[in-house]
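Structural characterization, general
Listed below, chain by chain, are the residues.
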Amino acid sequence: MTRILLEGFALGLSAGIYCAGSCLAFFMPYLMAEGERKIPSNVRKITSFLAGRFIAYIAFALIIGLIGNAYRDVFTSGASHICLIGASLLMLGYSVANLIKGRHDGACSSYVSRSRLARVPFFLGLFTGLNPCPPFLLGASRILTMADVSGGAVFFAAFFAGTSVYMAPLIFVPYLARGERIKQIGMMVAFLSGVWFLVVGIAGLLR
Amino acid sequence: MKNGSFRKSAGLAFGILGVLAVLSFVSAGRDVPLLLAKLSWSTVVAFLGFRIYRDGVISRYRAILFILTAFLFFLEFKFFRFISFGNTPSAPYCHIAEASTLSNFVHSQVLAIKSGDWRVWGVLTMGFLWLLIIFTIGQGICSWVCFFGGIDEGFSKIAKRPILKFKAPGRWRDLPIAFLIFILVVTFLQGLPVFCSWFCPFKMTEAFWAADPVTRKAQAVLFWSILAGAVIIIPILTGKRIFCSFICPFGALVSISGKASPYAVTIDKEKCSRCGKCMEVCPSLAVETTASGEYKTTNFCTRCSKCIDICPSDAISIFSGPSGARIDTRDIFIFLSLLVAGALSGSFVPNVFLRLAGLR
Ligand code: SF4
Ligand code: SF4
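Here the residue index of a chain counts from 1 through its sequence in written order. By the order in which they are written, chains take letters starting at A while ligands take numbers starting at 1. In keeping with the predicted nature of the model, local features appear solely for residues at pLDDT of at least 70, side-chain atom pairs appear and are counted solely at 80 or more, and the whole-chain, interface and lining totals rest on all residues. To get the side-chain values, all heavy atoms of the structure are used, and hydrogens and water are removed first.

With respect to the confidence of the model for chain B
As a per-residue measure, pLDDT tells how confident the predictor is, with possible values from 0 to 100. Confidence along chain B averages 87 in pLDDT terms, with 89% of residues attaining 70 or more. Throughout residues 85–89 of chain B the model reports pLDDT below 50, and contacts reaching past four residues in sequence, or to other chains, amount to 11 contacts. Residue contacts follow a heavy-atom distance rule, with two residues in contact if any of their heavy atoms lie within 4.5 Å.

Next comes the structure, spelled out in structure tokens:
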């Protein structure tokens, strides 16, 4: 088991920069727009995001372990695109609601407060976590060779820990992104990322 | 701007001609027709400089040089290469691509320095050149040098008066900064030049068209939409440089890095009568009002000087130095801008002359 743990952690460490890049497209604009200059509040947001990712990783490991190799491609291609679409819609909903809120504060504020769900970084983590990137798929291939569901979950938990090291610097994004203007820019980046990945996800599904 | 004396204007123009002539001799070598073409172009640039100093009108002569250069750039790198090489037209460099693949670009510069071999510094010279321009004329690159900006400005000048009034864009003026961040992240993530492949309305090379026909069609739709909308139709209708103001990631990068330049277009609060003309004519949507109603220029100012020419109170100029001790440096700025524009355009405009004369 220790070997599996170390192996997962090492793979996470070596490939984590790419994973961080994948999450960056979604989570960095969110932090630019929502982050505060208080470490505990930012840590809470990042932890919530990581919790979403953690659950996604473990669920992925269990599903892959249970369904085995035969359905792997169906899962990694179809499900990953659906998750990408999910993350994009979340980003779009979040950014549009906030951009509208800035314009018509009174009329839309109730809608925006109802859409607070869209702000929850947990779901962003969940969807981006289930969007398998190349290192993630490498990890998936490794657990298929283990033929052990719990071993796979442990491997992915360690893989998650390795990749999460690269998320730590995100705590400082809100410090760099000060002021209302930067928050608005963050919202626009969230909108652009949402549109882009929505198109990428739909194109992937149609292929 | 007041008219300059003949002697001062001629002196500055000869200064410009002198520097450009030296560059022409160095770069043309023994190729006499090329040398003559280069000297002719240097004379055109110096003459425009003379008119700017003498008439006290900056933007009109700047626009002639800027738009003409852009037109000739397209003639050289799109049209001539297209007819001579069939379907492989491509320009040797594109500064917009640098912004959208910034991380790759910086990496290539570091590798070039580390190699210690000057022969691989070809890429590096682009980096140094860019830094040199940023530290001198800063955002002025967008209104004096950029070949793509010249096309946008050309279309924005077609209608004598704006057919549609463009409302102050407020926070949406920051869209290109958001677009730059988005492009950097997606480029890093996908390892592909996403801007060049999908969003560039100039596509100076064939390299970015996808091989797969469906993707290629999607690229073509976006290409024609951005070209028609942001570069041609909306600029004609509004008189504003829409591609430069809302899309160009290079413009966004320059609006941030250009702060390193010592020159800034500044409005003198004491002299300003708050007529709003500068805001109305600014093609880059770079004039805004503060909560107290004062007019001020923003980081997006491209130093086109249109506002300087139109201001009835002579309240705007190009200044350097901290707010308490500013000095008017517009003559120096114009001199440097003409040198940069003349030197860069001098690397391809003379070729166009030679081709048109049938000598190439
Ligand atoms: S044009 Fe001149 S006087 Fe009019 S608002 Fe602008 S700076 Fe002030
Ligand atoms: S503020 Fe003046 S100099 Fe700057 S871009 Fe606008 S019109 Fe040109």
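Continuing now.
A word on the packing of aromatic side chains
The criterion for an aromatic pair is that two Phe, Tyr or Trp rings (for Trp, the six-membered ring) have centres within 6.5 Å, with stacked assigned to planes under 30 degrees apart, edge-to-face to planes over 60 apart and tilted to the rest. Following the criterion strictly, the structure yields 32 aromatic pairs over all chains and no others. Measuring from ring centre to ring centre gives 6.0 Å for tyrosine 57 of chain A and phenylalanine 160 of chain A, while their planes differ by 85°; the resulting arrangement is edge-to-face. Of this pair, tyrosine 57 of chain A sits in helix α2 (residues 39–67) while phenylalanine 160 of chain A sits in helix α7 (residues 149–164), placing them 103 residues apart in sequence. A 1.4 Å probe rolled over the protein chains alone gives each residue an accessible area, and that area as a share of the maximum for its type sets the label: buried under 20%, exposed over 50%, partly exposed in between. On the basis of relative accessible area, tyrosine 57 of chain A is assigned to the buried category, the value being 3%. Here the aromatic residues Phe73, Phe74, Phe147, Phe148, Phe202, Phe243 and Phe348 of chain B are joined through ring pairs into a cluster of three or more. Its end group placed over the ring of phenylalanine 300 of chain B, arginine 173 of chain B keeps NZ or CZ at 4.0 Å from the ring centre. Counting from the N terminus, the helices are DSSP H or I runs at least four residues long and the strands are E runs at least two residues long. We count a charge as sitting over a ring when the NZ of a lysine or the CZ of an arginine lies within 6 Å of the ring centre and within 35 degrees of the ring normal.

Some remarks on the sheet that holds strand β5 (residues 327–328) of chain B
Strand order in the open sheet made by the 3 strands is β1-β4-β5 (chain B), with antiparallel pairing throughout. Here the strands that pair on one side only, and so sit at the sheet edges, are β1 (264–267) and β5 of chain B. Two strands qualify as a pair provided DSSP detects at least 2 bridges between them.

A short note on the confidence of the model for chain A
For chain A, per-residue confidence averages 76 on the pLDDT scale, and residues scoring 70 or more make up 80% of the total. Summarising per-element confidence for chain A, the mean pLDDT is lowest in helix α4 (residues 105–114) of chain A (50) and highest in helix α9 (residues 179–206) of chain A (86).

Observations regarding the nonpolar core
By convention a nonpolar core is built from buried Ala, Val, Leu, Ile, Met, Phe, Trp, Tyr and Cys residues, the set being connected through side-chain atoms within 4.5 Å. Grouped together as the largest cluster of nonpolar side chains are 139 residues, with contacts concentrated most on Phe156 of chain A together with Phe182, Phe199 and Phe243 of chain B. Ranked by the residues each element gives to this core, the list is headed by helix α1 (residues 2–34) of chain A, at 13 residues. Membership of the second largest hydrophobic core comes to 5 residues, among which are Ala28, Leu35, Ala37 and Leu354 of chain B.

Thoughts on the site of ligand 1
Residue proximity to a molecule or strand is established when one non-hydrogen atom of the residue lies within 4 Å of it. Of all residues adjacent to ligand 1, which total 13 residues, the nearest are Cys272, Cys275, Gly276, Cys278 and Cys311 of chain B. Looking at the shell around ligand 1 residue by residue, the class counts come to 8 nonpolar, 3 polar and 2 charged. When residues are grouped by polarity, Ala, Val, Leu, Ile, Met, Phe, Trp, Tyr, Cys and Pro land in nonpolar, Asp, Glu, Lys and Arg in charged, and all others, Gly among them, in polar.

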